[in-house]
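Fold and geometry: a report
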Amino acid sequence: MSGVGFGMGQRPVNRRQRAVKSLWTGIWLVYLGAPVSDLLHGGHSTGVRILGWLGLAAFVTWYMVLVFRTGRGERNGLVLGSLGVLAAQSVLLALTLGREWLVLFVYVSIASGAALPLRMARWTIPGACALLTAVAFAVPGGHSYLAGLLIPALLGGFAMTGVRELVRTTIALREARATVAQLAANEERLRLARDLHDLLGHSLSLITLKSELAGRMLPGQPDKAAQQVADIEQVSRQALVDVREAVTGYRRPRLNAELAGARSALTAAGVTAELPAEGALDGVPEESGSALAWALREAVTNVVRHSGARRCTVELLHRQTLDGPVLELTVEDDGSGGPGTGHGNGLAGLTERLTKAGGTLEAGPLRPGFRLVARVPTAGPADVGSPA
């Protein structure tokens, strides 16, 4: 947040936020009233007062810097050295100026809990309390202050360890939330890229084929060429609709529509198409049908663009396997081997789609030709459906 407030575990980013943090850190310095009162009314000489004010100012400055910078990744050795300086100042001021200065050890304990991890603070906090006890018995009348200072030193120190762990947890949660948001954005970009590849690859291939066909028909068969141009317009309009749906996340192809598109694309490419009868699609679950529709689109696009095939056979079967009933789509051609020697971006994206649907993909060359087999789980009947 901007302005005065900022979240726990966040560093202040402007002057106002730094002022607020300094205020909340410094408000606890009101308990230094006893040393201040001692300097004002303790009957010390002018030289002692000056040295006392200088010592108190040095202690407060060192304490504020240490606590203010807590959590910025300093090495534990540097923090321990800073705590050692605070402890030395406390011992020197208490021994020279009196028992009122024993309260400084409470700040040493609190700084230990705030600046050190628990595995170290559990030793330094009792150490600061032990040092407080030793100095209290060495200062005249110090033992009368001991009971009132030991409990705040122990409770304050260990309370700060809890605050430190809470801040660290808050920072970790904030970073995890940012990571989740980044992963979600990456997943959405991947989905969009995959959808656009599958949609435009098929549609542009069909437009190219029909454009070439119209060009060949134009001199002698203007009526048929006009029909091909009308088909190009229809395909381009549908491609535009599909892209818009893909961008908004609502694109879900259907097997019936993809089979009709596959027949049109294969015919335009001069490939003899053998497709399933319409009855083979009865009872296909929507999720399974959508996953296989993407598989059919990618397979037919590869046949049209890469294979040089003369015949393409599409089969859709219900099968019963050891893992349960599955719906199996097979696309086989007699061309030169499909999309190259390896799996391209289309087959990689198709594998991801089928995996999310709980299905599998098999693709490989034949002699001659190429075969793609996609399977998705379904609760439909087993061993029904027919090939072309």
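Residues numbered from 1 in each chain as written. Predicted model: local features only at pLDDT ≥ 70, side-chain atom pairs only at ≥ 80, totals over all residues. Heavy atoms only, no water.

Attention now moves to the overall build of the chain. Along its length, the chain carries eleven helices and five strands. Per-residue burial over the chain gives 41% buried out of 388 residues. Summarising the internal contacts of the chain: among those between residues at least 6 apart in sequence, 70% fall at separations of at least 24. A total of about 20900 Å² of accessible surface is found on the chain, and carbon and sulfur atoms cover 61% of it. (Helix = DSSP H or I, 4+ residues; strand = E, 2+ residues; numbered from the N terminus. Buried < 20%, exposed > 50% of the residue type's maximum accessible area, 1.4 Å probe, protein only. Contact = heavy atoms within 4.5 Å. Areas by Shrake-Rupley, 256 points an atom, 1.4 Å probe, with all protein chains shown as cover.)

With that settled, the discussion passes to the side chain of Glu 258. Looking at the secondary structure, you find Glu 258 in helix α9 (residues 255-268). Polar contacts involving the side chain of Glu 258 include one to the side chain of Arg 297, which spans 2.9 Å. (Polar contact = N/O pair within 3.5 Å; in protein donor to acceptor, adjacent residues only side chain to side chain.)

What follows is about helix α10 (residues 286-307). Residues that lie three or four places apart on an α-helix share one face, since the helix turns once every 3.6 residues. Counted at 1.5 Å a residue, the expected span for α10 with its 22 residues is 32 Å, and the 30 Å between its end C-alpha atoms agrees. Burial of α10 is extensive: 18 of the 22 residues sit out of reach of the surface. Immediately beyond the C-terminal end of α10, within one or two residues, lies Gly 308, with a positive phi of roughly 65°. (Expected span 1.5 Å × (residues − 1).)

To continue, consider the pattern of salt bridges. Side chains bearing opposite charge may pair, as long as their charged atoms lie close to each other. Tallied over the entire structure, the rule returns six salt bridges. Of the charged contacts, one joins Arg 297 and Glu 258 as a salt bridge, the two residues approaching to 2.9 Å between their closest N and O atoms. With Arg 297 in helix α10 and Glu 258 in helix α9, the pair connects residues that are 39 residues apart, well separated along the chain. The pair formed by Arg 297 and Glu 258 is uniform in burial state, with each residue classed as buried. Between Glu 328 and Arg 375 there is a salt bridge, with the nearest N and O atoms lying 2.7 Å from each other. Highlighted residues: Glu 328 in strand β3 (residues 324-333) and Arg 375 in strand β5 (residues 370-377), separated in sequence by 47 residues. The class for Glu 328 is buried, based on a relative accessible area of 7%. Because the salt bridges share partners, they merge into one network encompassing Arg 319, Glu 328, Glu 362 and Arg 375. (Salt bridge = Lys/Arg side-chain N within 4 Å of Asp/Glu carboxyl O.)

This paragraph deals with unusual backbone geometry. A cis geometry characterises the amide bond from Arg 367 onward to Pro 368, with omega recorded as -5°. By the element assignment, Pro 368 lies in the loop between β4 (360-365) and β5.

The subject of this paragraph is the UniProt feature "transmembrane region" (unreviewed entry) in the chain. Mapped onto this structure's residue numbering, the UniProt feature "transmembrane region" (unreviewed entry) falls at residues 21-40, 46-65, 77-95, 101-118 and 123-139. Across residues 46-65, helical content stands at 100% and strand content at 0%; the span's end C-alpha atoms are separated by 29 Å. Between the end C-alpha atoms of residues 101-118 the distance is 27 Å, and the span holds 72% helix and 0% strand. (UniProt positions renumbered as here; feature names shortened; annotations may be inferred.)

The next thing to look at is the packing of aromatic side chains. Evaluated as defined, the whole model comprises two aromatic pairs. Between Phe 59 and Tyr 107 the ring centres are 6.5 Å apart and the planes differ by 85°, which places this aromatic pair in the edge-to-face class. Taken as a pair, Phe 59 in helix α3 (residues 46-68) and Tyr 107 in helix α5 (residues 104-115) lie far apart in primary sequence, 48 residues in all. Classification of Tyr 107 as buried rests on a relative accessible area of 3%. Where Tyr 63 meets Tyr 107, the ring centres are 5.4 Å apart and the plane angle is 85°; that geometry is what we call edge-to-face. Taken as a pair, Tyr 63 in helix α3 and Tyr 107 in helix α5 lie far apart in primary sequence, 44 residues in all. Taken as a pair, Tyr 63 and Tyr 107 share a single burial class, namely buried. Through successive ring pairs, a cluster of aromatic residues spans Phe 59, Tyr 63 and Tyr 107. (Phe/Tyr/Trp six-rings, centres within 6.5 Å; stacked < 30°, edge-to-face > 60°.)

A separate point is the pairing of β3. Burial analysis of β3 places eight of its ten residues in the buried class, the great majority of the element. Pairing geometry for strand β2 (residues 311-321) and β3, over ten bridges, is antiparallel. Counterpart to Glu 315 in the pairing with β3 is Thr 330. Between β2 and β3, which pair antiparallel in sequence order, lie two residues. As paired strands, β3 and β5 are joined by eight bridges and run antiparallel to one another. (Pairing = 2+ DSSP bridges.)

The next point concerns the nonpolar core. In this structure, Leu 32, Tyr 63, Leu 86, Trp 101 and Leu 102 are the most contacted members of the largest nonpolar core, which totals 41 residues. Put simply, the parts of the chain that give this core at least two residues each are α3, α4 (76-97), α5, α6 (118-138) and α7 (143-217). Ignoring sequence-local partners within four residues, the contact set of Leu 102 consists of Ala 94, Leu 132, Val 135, Ala 136, Gly 142, Tyr 145 and Leu 149. (Core = buried A, V, L, I, M, F, W, Y, C linked by side-chain atoms within 4.5 Å.)

On to the packing of α9 against α10. Between α9 and α10, the shortest axis-to-axis distance is 9 Å and the interhelical angle comes to 5°. In terms of orientation, α9 and α10 fall into the roughly parallel class. Residues Leu 255, Glu 258, Leu 259, Ala 262, Ala 265 and Leu 266 of α9 touch α10, and the partners they reach there are Gly 289, Leu 292, Ala 293, Leu 296, Arg 297, Val 300, Val 303 and Val 304. Residue composition of the contact of α9 with α10, grouped by class: eleven nonpolar, one polar and two charged. (Axes fitted to C-alpha atoms, helices over the stretch in contact; angles between N-to-C directions. Parallel < 35°, antiparallel > 145°, perpendicular 65-115°, else oblique. Nonpolar A, V, L, I, M, F, W, Y, C, P; charged D, E, K, R; others polar.)

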